[in-house]
Amino acid sequence: MSRIAYVNGQYVRHADAAVHIEDRGYQFADGVYEVCEVWNNQIVDMPRHLDRLGRSLSELSIDWPMSRAAVEFVLRQVVRRNKVHNGIVYIQVTRGVSRRDHFFPPETVAPSIVVTARSSSPAAGQALAETGISVFSYPENRWPRVDIKSIALLPNCLAKQSAKEKGGKEAWYVDADGNVTEGGSTNAWIVTKEGVLVTRPAENGILRGITRAGILDLVAREGLAFEERAFSLEEAYDAREAFVTAATNIAMPVVRIDERVIGNGHPGSVATRLRELFHTATDLKVV
Ligand code: PLP
């Protein structure tokens, strides 16, 4: 089956899908995106993802490319047309196509929208979660507005590639104070020796992860000991557990940070339990 993408009002073969060379996303990374998990034929936490999309668009003064209800419809359609039962659906909105100029284009220029979906194997994700991943620290070098889910991800690519070349799956950004901000494409968490779950507050220094929000609901529901505060790389090295969260990997245990083994070197019980329970605390929309 050939894949289908949605591009500016049309469903097209993925292999033929294209945007204009003067799209501002291509020229300036002038756009935003969302990635939603598809789980058991359902889109996970779509309302929260669309709220965040609206916020990102508004922070950059980009209009919605169509009504929110129409975006929801297209997300569902693309998942359905690609027969994705488990995987992701991706939406990207840019400021549109216009002669290359740093100034914003005239108001008559419509935003561009692209939606794609692809399958992934829950079994492969689960197998990784049963082993855990390694992460490598990396100096925070991004702009201060990482709360906007912008498509300008070159620093994230460089950080993650550097981790990959050392045998890791993720990079953890560390700010000038020695505190972990977040991962290259995930939020960062630890469980202290005392059993307290810790993650950094969602100010401008991190992306307000939708999975992070779901985990926080779960933490409240389960009554787990929790502190929302900055934690240092040194504290993470000594933690009982560490893990990362994202729509692409739910809660993924971290068993090594740099050359340090975390806890007993195996996925921790808190991360494992949160991963198991995650979808019981989410909004699930059948496609
Ligand atoms: N932080 C960054 C930098 C990300 O790119 C992502 C996801 O892409 C996340 C955190 C996790 O966000 P979410 O849970 O919404 O996927």
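Residues numbered from 1 in each chain as written. Predicted model: local features only at pLDDT ≥ 70, side-chain atom pairs only at ≥ 80, totals over all residues. Heavy atoms only, no water.

**Concerning the sheet that holds strand S5 (residues 87–94)**
Hydrogen bonding along the main chain pairs the strands of a sheet, whether they run parallel or antiparallel. In plain terms, the rule: A pair of strands is treated as paired once DSSP finds two or more bridges between them. Each helix corresponds to a stretch of at least 4 residues labelled H or I by DSSP, and each strand to a stretch of at least 2 residues labelled E; elements are numbered beginning at the N terminus. Lines fitted to the C-alpha atoms define the axes, with helices restricted to the stretch that makes contact. Angles between their N-to-C directions range from 0 to 180 degrees. Throughout, a residue-residue contact means that at least one pair of heavy atoms, one from each residue, lies within 4.5 Å.
The antiparallel open sheet is built from seven strands, whose spatial order is S2-S1-S6-S5-S3-S4-S16. Edge positions in the sheet fall to strand S2 (10–13) and strand S16 (284–286), since each of these pairs with one other strand and no more. The sheet shows a mean angle of 25 degrees between the axes of neighbouring strands, direction not considered. Bridging between strand S3 (residues 31–39) and strand S4 (residues 42–44) involves two bridges; their strand directions are antiparallel. When the bridges of S4 are listed, Val38 appears paired with Ile43. The strands touched by helix H2 (residues 46–59) within the sheet are S3, S4, S5 and S16, with S3 carrying the most contacts at an inclination of about 175 degrees. Packing of helix H3 (residues 68–81) onto the sheet brings it into contact with strand S1 (4–7), S2, S3, S4, S5, strand S6 (112–119) and S16, and relative to S6 it is tilted by some 35 degrees.

**Focus on the packing of aromatic side chains**
In plain terms, the rule: Centre distance within 6.5 Å is the pairing criterion for rings of Phe, Tyr and Trp, where only the six-membered ring of Trp is used; planes under 30 degrees apart are then read as stacked, over 60 as edge-to-face, and the remainder as tilted. The rule is simple: take the accessible area with a 1.4 Å probe, protein chains only, and divide by the maximum for that residue type; under 20% is buried, over 50% is exposed, in between is partly exposed.
Tallied over the entire structure, the rule returns six aromatic pairs. For the ring pair Trp189 and Phe243, a centre distance of 5.4 Å and an interplane angle of 10 degrees mean the geometry is stacked. Placement of Trp189 in strand S10 (residues 187–191) and of Phe243 in strand S13 (residues 241–246) is noted, with a sequence separation of 54 residues between them. The burial state of Trp189 is the same as that of Phe243; both residues are buried. Taken together through their ring pairs, the aromatic side chains of Trp189, Phe226 and Phe243 make up a single cluster.

**As for the site of the ligand**
In plain terms, the rule: A cutoff of 4 Å decides nearness: a residue is near a molecule or strand if any of its heavy atoms lies inside that distance of it. Whenever a nitrogen or oxygen atom comes within 3.5 Å of another N or O atom, the pair is scored as a polar contact, on the condition that within protein one atom can donate a hydrogen and the other can accept it, and that pairs from neighbouring residues in sequence are kept only if both atoms are in side chains. To measure how exposed things are, a 1.4 Å probe is used in the Shrake-Rupley method; for residues, cover is taken only from the protein chains shown. Gly counts as polar in this scheme, as do all residues outside two lists: the nonpolar Ala, Val, Leu, Ile, Met, Phe, Trp, Tyr, Cys and Pro, and the charged Asp, Glu, Lys and Arg.
As a structural note, the neighbourhood of the ligand is formed by 18 residues, with Lys149, Glu182, Ile210, Thr211 and Ala247 the closest of them. One nitrogen or oxygen atom from the side chain of Lys149 is found 2.9 Å from an oxygen atom belonging to the ligand. One of the side-chain N or O atoms of Thr211 is found 2.6 Å from an oxygen atom in the ligand. Burial of the ligand by the protein amounts to 93% of the accessible area it has alone, namely 390 Å². Those elements giving two or more residues to the shell around the ligand turn out to be strand S9 (180–183), helix H6 (210–222) and S13. Of the residues belonging to the shell around the ligand, the class tally is five nonpolar, nine polar and four charged.

**Considerations on the domain arrangement of the protein**
Let me state the cut-off plainly: Per the annotation, domain bounds derive from an automatic or database assignment of domains. The term buried area denotes the loss of accessible surface (1.4 Å probe radius) that occurs when two parts are joined, taken as the sum for both partners. The working definition used for a salt bridge is a side-chain nitrogen of Lys or Arg within 4 Å of a carboxyl oxygen of Asp or Glu.
Domain annotation of the protein identifies domain 1 (4–120) and domain 2 (125–286). For domain 1 and domain 2, the distance between their C-alpha centroids amounts to 26 Å. Residue-level contacts link 30 residues of domain 1 with 25 residues of domain 2. Of the roughly 2,400 Å² buried between domain 1 and domain 2 on both sides combined, carbon and sulfur atoms contribute 59%. Broken down residue by residue, the surface that domain 1 buries against domain 2 is led by Tyr33, Arg48 and Arg52, which jointly contribute 26%. Seen at the junction of domain 1 and domain 2, the total is three salt bridges. Put simply, Glu59 and Arg145 hold a salt bridge, and the shortest N to O gap is 2.9 Å.

**A closer look at the nonpolar core**
Going by this rule: Nonpolar cores are built from buried Ala, Val, Leu, Ile, Met, Phe, Trp, Tyr and Cys residues. Side-chain atoms within 4.5 Å join them into one set.
If you look at the biggest cluster of nonpolar residues, it comprises 25 residues, and the most contacted ones within it are Val32, Ile43, Leu75, Val79, Val89, Ile91 and Val115. For this core, the secondary-structure elements that each account for two or more residues are S3, H2, H3, S5 and S6. For this core, the leading source of residues is H3, giving five residues. Look past the residues within four positions of Val32 in its chain and what remains in contact with it is Leu53, Ser56, Leu57, Leu60, Ile91, Gln92, Val93, Ile148, Lys149, Ser150 and Ile151. Counting residues in each nonpolar core, the second largest holds 21 residues, with Trp172, Val198, Ala239 and Val244 among its members.

**Some points on the packing of H2 against H6**
The line we're drawing: Oblique is the label for every angle not falling under 35 degrees (roughly parallel), over 145 degrees (roughly antiparallel), or within 65 to 115 degrees (roughly perpendicular). Crossings are sorted by hand: turned counterclockwise from the far helix by less than a right angle, the near helix makes the crossing left-handed, and turned clockwise it makes it right-handed.
Here H2 crosses H6 at 135 degrees, and the two axes come no closer than 10 Å. As summarised for this structure, H2 and H6 are arranged oblique, according to the angle between their axes. With respect to the hand of their crossing, H2 and H6 are arranged in right-handed fashion. Along the contact surface, H2 presents Arg48, His49 and Arg52, while H6 presents Ile210, Ala213, Gly214 and Asp217. In terms of residue class, the contact of H2 with H6 is built from two nonpolar, two polar and three charged.

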